[in-house]
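# What the coordinates show
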Amino acid sequence: NAGVTQTPKFQVLKTGQSMTLQCAQDMNHEYMSWYRQDPGMGLRLIHYSVGAGITDQGEVPNGYNVSRSTTEDFPLRLLSAAPSQTSVYFCASSYSLISGNTIYFGEGSWLTVV
Amino acid sequence: SQQGEEDPQALSIQEGENATMNCSYKTSINNLQWYRQNSGRGLVHLILIRSNEREKHSGRLRVTLDTSKKSSSLLITASRAADTASYFCATDGSTGTASKLTFGTGTRLQVTL
């Protein structure tokens, strides 16, 4: 059981470049989300989705786009990378949006924007 | 601003000792969860305590919740070197949805032999 799989693990981008972080889960979870983790800041929610075709913004959505064409996949797109987007990105999923459901995290994607 | 704030930021203990870390939050919650993050890895769910519960156990973990003080504590008994990790509390607001889960800044626990 793979759980939540993120790719790539590491990426270096130049300012202005675009890229997509991939996320896939094989648990048939409806709820998926993207967080970024910065030193001393904890995890902050970027975007989330409650099902295929439905996405919404989290706490820090600017500079990122998401789509949810299938239940399994939830890619995060950086449209024009900026140094402020240097961070560790985590994809997560859970069975439902209802409070209390365990959230499963991917292993993280380390992104550096130079 | 972060809903959950862990205290201390860092904790170093010897194997066999107990480790206690605290989490304070600001607004009403439905539940509070604790997660562990090993270096370079994703977060792993440890335990959840609901707002109507005061104490919960899971193996060597003991979590307490005081809603009047808006605080929670995580106790790891008889710590092991493998417990070395960062520990985060996460709260969801009274809206009761996972989309509002807010993580604290974490406590880095170092367990030495």
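Coordinates for the structure precede this section.
Here is a short report on the structure shown in this document. (Residues numbered from 1 in each chain as written. Chains lettered and ligands numbered in written order. Predicted model: local features only at pLDDT ≥ 70, side-chain atom pairs only at ≥ 80, totals over all residues. Heavy atoms only, no water.)

### Considering the nonpolar core
Worth spelling out the cut-off: To qualify as a nonpolar core, a set must consist of buried Ala, Val, Leu, Ile, Met, Phe, Trp, Tyr and Cys residues joined through side-chain atoms within 4.5 Å. Three exposure classes are used, based on accessible area relative to the maximum for each residue type with a 1.4 Å probe and protein chains only: buried under 20%, partly exposed in between, and exposed over 50%. In this text, helices come from DSSP runs of H or I with a minimum length of four residues, and strands from runs of E with a minimum of two, each type numbered from the N-terminal end. Contacts were defined at the residue level, with two residues in contact if any of their heavy atoms lie within 4.5 Å.
Of all hydrophobic cores here, the largest spans 22 residues; its most connected members are Met 21, Leu 32, Trp 34, Leu 74, Ile 76, Tyr 87 and Leu 109 of chain B. Broken down by secondary-structure element, the contributors of at least two residues to this core are strand E2 (10-14), strand E3 (19-24), strand E4 (29-37), strand E5 (43-50), strand E7 (61-66), strand E8 (71-76), strand E9 (85-93) and strand E11 (107-112) of chain B. Discounting residues that sit within four places of it in the chain, Leu 32 of chain B has contacts with Cys 23, Tyr 25, Ile 47, Leu 48, Ile 49, Leu 65, Ser 72, Cys 89, Ala 90 and Thr 91 of chain B. If you look at the next biggest cluster of nonpolar residues, it comprises 19 residues, including Cys 23, Ile 46, Tyr 64 and Cys 91 of chain A.

### Structural notes on the packing of aromatic side chains
Defined as follows: Any Phe, Tyr or Trp ring, taking Trp's six-membered ring, that has another such ring centre within 6.5 Å forms a pair; planes under 30 degrees apart are called stacked, those over 60 apart edge-to-face, and the others tilted. Throughout this description, the term charge over a ring refers to an Arg CZ or Lys NZ atom that lies within 6 Å of the ring centre and within 35 degrees of the ring normal.
This structure, assessed with the given rule, holds ten aromatic pairs over all chains. With centroids separated by 6.5 Å and ring planes inclined at 85°, the aromatic side chains of Phe 90 of chain A and Phe 105 of chain A adopt a geometry described as edge-to-face. Of this pair, Phe 90 of chain A sits in strand E9 (residues 87-94) while Phe 105 of chain A sits in strand E10 (residues 104-105), and the two are 15 residues apart along the sequence. According to the relative accessible area criterion, Phe 105 of chain A is buried, its value standing at 9%. Three or more aromatic residues joined by ring pairs form one cluster here, namely Phe 10, Tyr 35, Phe 90, Phe 105 and Trp 110 of chain A together with Tyr 35 and Phe 103 of chain B. Over the face of the ring belonging to Phe 74 of chain A we find Arg 68 of chain A, whose NZ or CZ atom lies 6.0 Å from the ring centre.

### Quick word on the state of the cysteines
Which entries qualify depends on this criterion: Cysteine sulfurs are considered disulfide-paired once they come within 2.5 Å of each other.
Across all of its chains, the model carries two disulfides over all chains by this definition. The disulfide bridge from Cys 23 of chain A ends at Cys 91 of chain A, spanning 1.8 Å between sulfur atoms. Taking the torsion about the S-S bond as the criterion, the Cys 23 of chain A to Cys 91 of chain A disulfide, at about -75°, is left-handed. With a gap of 68 residues between them, Cys 23 of chain A in strand E3 (residues 19-25) and Cys 91 of chain A in strand E9 connect regions that are remote in the sequence. For Cys 23 of chain A, a relative accessible area of 2% corresponds to the buried category. Residue Cys 91 of chain A is classed as buried on the basis of its relative accessible area of 0%. Residue Cys 23 of chain B pairs covalently with Cys 89 of chain B via a disulfide, S to S 2.0 Å. Disulfide Cys 23 of chain B to Cys 89 of chain B: torsion about the S-S bond roughly 65°, handedness right-handed. Here Cys 23 of chain B is found in strand E3, whereas its partner Cys 89 of chain B is found in strand E9, with 66 residues between them in sequence. Cys 89 of chain B carries the same exposure label as Cys 23 of chain B, and that label is buried.

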